[in-house]
Amino acid sequence: MALIAIVGFYGLIYGSFINALVWRTHTGEKIGRERSHCPKCNKTLAVKDLFPVVSWLMLRGKCRYCGEPISKQYPIVEIITAISFMLSVAFLDKPEAVFGWAALIVWLAIVGQFIALAVYDLKWRLLPNSMVATLLVLVVMYQIVQAFAGAGLGEWLISPLIGAVSAFGFFYLLHILGKGAWMGGGDVKLVFVLGALLGGWPTLIGLVLAFNIAALVSVVLIATKLRTRKDVVPFGPFLLFGAWLAFLFADDIAEWYMRFSGLA
Ligand SMILES: [Zn+2]
C-alpha cells in the first residue's frame, strides 16, 4: 500500500515532466536546458507554479503573469500519469531483490513514455522518432534487467524478437497495402518496440485489444456525433493502451479466452 502511494505521488511529478517533454519535443527545445516558462508570455515560472495539479487549481487555470489560460492538458496528464503508475504497480507482484526493483523502475519509465507518446499523437497526430527511439532504449534496458534477474534466453531475447518482428511485419504490410492511409509509419515503428517489450503471444493480445478498443471508441464517437466518419482518430494511443493492458493482464486474458472458447 505504501509503495502504491509513493508511486502515485511520484506519478504526479513525472506527469509534469511528461507535459514538459511533449511540449519541448514539439518546439525542439532542449530538455532540462532552461527552467519551465509560460508558452504564451515566456515568463520563467516560479517554483510555486510548478506543483502538479495543485498549482493549476490555485491559479484557476490561468498564467500568474499574463492571465492567459493554461491548458487543462497539464493537470489531466499529471493525474492520468499518477493513476496509471499506481495501477501499473498494483497488478504486478511485489518486487523481490534488486533486479525486481530495477525492472519496476524501468517499467514505470516505459509507462511514462507510453503516456508521452499518446499525448503527442492525440495533439499532433504524430509519433516522433526521437520519442519512439527513447522507448526502444527503455525496452532494451528492461529486457537486459530481466536477463540479469535470471530470465531464460527465450524469455528476454527470443520471444521479444519474435514479437517485434511479427508485429512490425504485419503493420508494415498494412502500411504498404493501405498506401499509408490505414496505418501511419509511426505506428509501424511503434509496434516493433511494443513487440520487443511484450514478446510473442502477448504482442498478439495487445494488438487484438488495440483494434477492438479503437473500433469501439470510433463507433461511440460517431454515434455521439463527436467525430464524423472522415475524421482521423490516431491509432497510437490505442496501441499503447492495448500494450499496457497486455503487459499487465496477458496471462489472465489468455486464460479467460481459452475457457470462453472451450479450448481449455
Ligand atoms: Zn504567461
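Residues numbered from 1 in each chain as written. Predicted model: local features only at pLDDT ≥ 70, side-chain atom pairs only at ≥ 80, totals over all residues. Heavy atoms only, no water.

### Here's the deal with the overall build of the chain
Okay, step 1: A count of helices and strands for the chain gives 9 helices and 0 strands.
Okay, step 2: Sequence-ordered secondary structure for the chain, helices as α and strands as β, is α-α-α-α-α-α-α-α-α.
Okay, step 3: Taking 2.2 N^0.38 as the reference for a compact globule, 264 residues should give roughly 18 Å; the C-alpha atoms of the chain span a radius of gyration of 20 Å, in line with that estimate.
Okay, step 4: Here the chain, with 264 residues, has 40% of them falling under the buried criterion.
Okay, step 5: Partitioning the contacts of the chain with sequence separation of at least 6, the portion at a separation of at least 24 is 67%.
Okay, step 6: Accessible surface, the chain as shown: approximately 15100 Å² in total, 69% of it carbon and sulfur. (Helix = DSSP H or I, 4+ residues; strand = E, 2+ residues; numbered from the N terminus. Rg over C-alpha atoms; globule rule 2.2 N^0.38 Å. Buried < 20%, exposed > 50% of the residue type's maximum accessible area, 1.4 Å probe, protein only. Contact = heavy atoms within 4.5 Å. Areas by Shrake-Rupley, 256 points an atom, 1.4 Å probe, with all protein chains shown as cover.)

### With respect to the nonpolar core
Okay, step 1: Among the nonpolar cores identified, the biggest contains 61 residues, and Trp107, Ile110, Phe114, Leu135 and Leu239 are the most heavily contacted of them.
Okay, step 2: Mapped by element, the contributors of at least two residues to this core are helix 1 (2-27), helix 3 (73-90), helix 4 (97-124), helix 5 (129-148), helix 6 (153-177), helix 7 (185-198), helix 8 (200-223) and helix 9 (236-260).
Okay, step 3: Sort the elements by how many residues they give to this core and helix 4 lands first, with 15 residues.
Okay, step 4: Apart from the residues lying within four places of it in its own chain, the contact partners of Leu239 are Phe171, Asp187, Leu190, Val191, Leu194, Leu207 and Ala210. (Core = buried A, V, L, I, M, F, W, Y, C linked by side-chain atoms within 4.5 Å.)

### Quick word on the packing of helix 7 against helix 9
Okay, step 1: For the pair helix 7 and helix 9, the least separation of the axes is 11 Å and the interaxial angle reads 5 degrees. Classed by the angle they form, the pair helix 7 and helix 9 counts as roughly parallel. On the side of helix 7, the interface is formed by Asp187, Leu190, Val191, Leu194, Leu197 and Leu198, while helix 9 contributes Gly236, Leu239, Leu240, Ala243, Ala246 and Phe247.
Okay, step 2: Classifying every residue of the contact of helix 7 with helix 9 by side-chain character gives 10 nonpolar, 1 polar and 1 charged. (Axes fitted to C-alpha atoms, helices over the stretch in contact; angles between N-to-C directions. Parallel < 35°, antiparallel > 145°, perpendicular 65-115°, else oblique. Nonpolar A, V, L, I, M, F, W, Y, C, P; charged D, E, K, R; others polar.)

### Examining unusual backbone geometry
Okay, step 1: At Arg125, a residue that is not glycine, the phi angle is positive and equals roughly 55 degrees.
Okay, step 2: Considering the arrangement of structural elements, one finds Arg125 in the loop between helix 4 and helix 5.
Okay, step 3: Its relative accessible area of 45% is what places Arg125 among the partly exposed residues.
Okay, step 4: A positive phi is found at Lys225, a non-glycine position, where the angle reads about 60 degrees.
Okay, step 5: Relative to the helices and strands, Lys225 resides in the loop between helix 8 and helix 9.
Okay, step 6: What makes Lys225 exposed here is its relative accessible area of 73%.

### Considering the domain arrangement of the chain
Okay, step 1: For the chain, the domain assignment lists domain 1 (1-90) and domain 2 (107-264).
Okay, step 2: Taking only C-alpha atoms, the centre of domain 1 and the centre of domain 2 are 26 Å apart.
Okay, step 3: Taken residue by residue, the interface counts 17 residues in domain 1 and 17 residues in domain 2.
Okay, step 4: Here domain 1 and domain 2 share an interface that buries about 1400 Å² over both sides, 76% of which is from carbon and sulfur atoms.
Okay, step 5: On the domain 1 side of the contact with domain 2, Val22, His26 and Ser88 bury the most area, a combined 34% of that side's loss.
Okay, step 6: Across the contact surface, domain 1 and domain 2 share 0 salt bridges.
Okay, step 7: Counting every contact that joins domain 1 to domain 2 gives 5 residue pairs in polar contact (both at pLDDT 80 or more).
Okay, step 8: Those elements giving two or more residues to the side of domain 1 that touches domain 2 turn out to be helix 1 and helix 3.
Okay, step 9: Per-element tally for the side of domain 1 that touches domain 2: the top contributor is helix 3, with 9 residues.
Okay, step 10: Of the residues that constitute the side of domain 1 that touches domain 2, the class distribution is 11 nonpolar, 6 polar and no charged. (Domains from an automatic or database assignment. Buried area = accessible area lost by both parts, 1.4 Å probe. Salt bridge = Lys/Arg side-chain N within 4 Å of Asp/Glu carboxyl O. Polar contact = N/O pair within 3.5 Å; in protein donor to acceptor, adjacent residues only side chain to side chain.)

### Some points on helix 1
Okay, step 1: Look at helix 1: 38 Å from first C-alpha to last across 26 residues, which is about the 38 Å you get at 1.5 Å a residue.
Okay, step 2: Within the span of helix 1, buried status applies to Val7, Gly8, Gly11, Tyr14, Gly15, Ile18, Asn19, Leu21, Val22 and Arg24.
Okay, step 3: Where helix 1 is buried, its residues contact helix 3, helix 4 and helix 5. (Expected span 1.5 Å × (residues − 1).)

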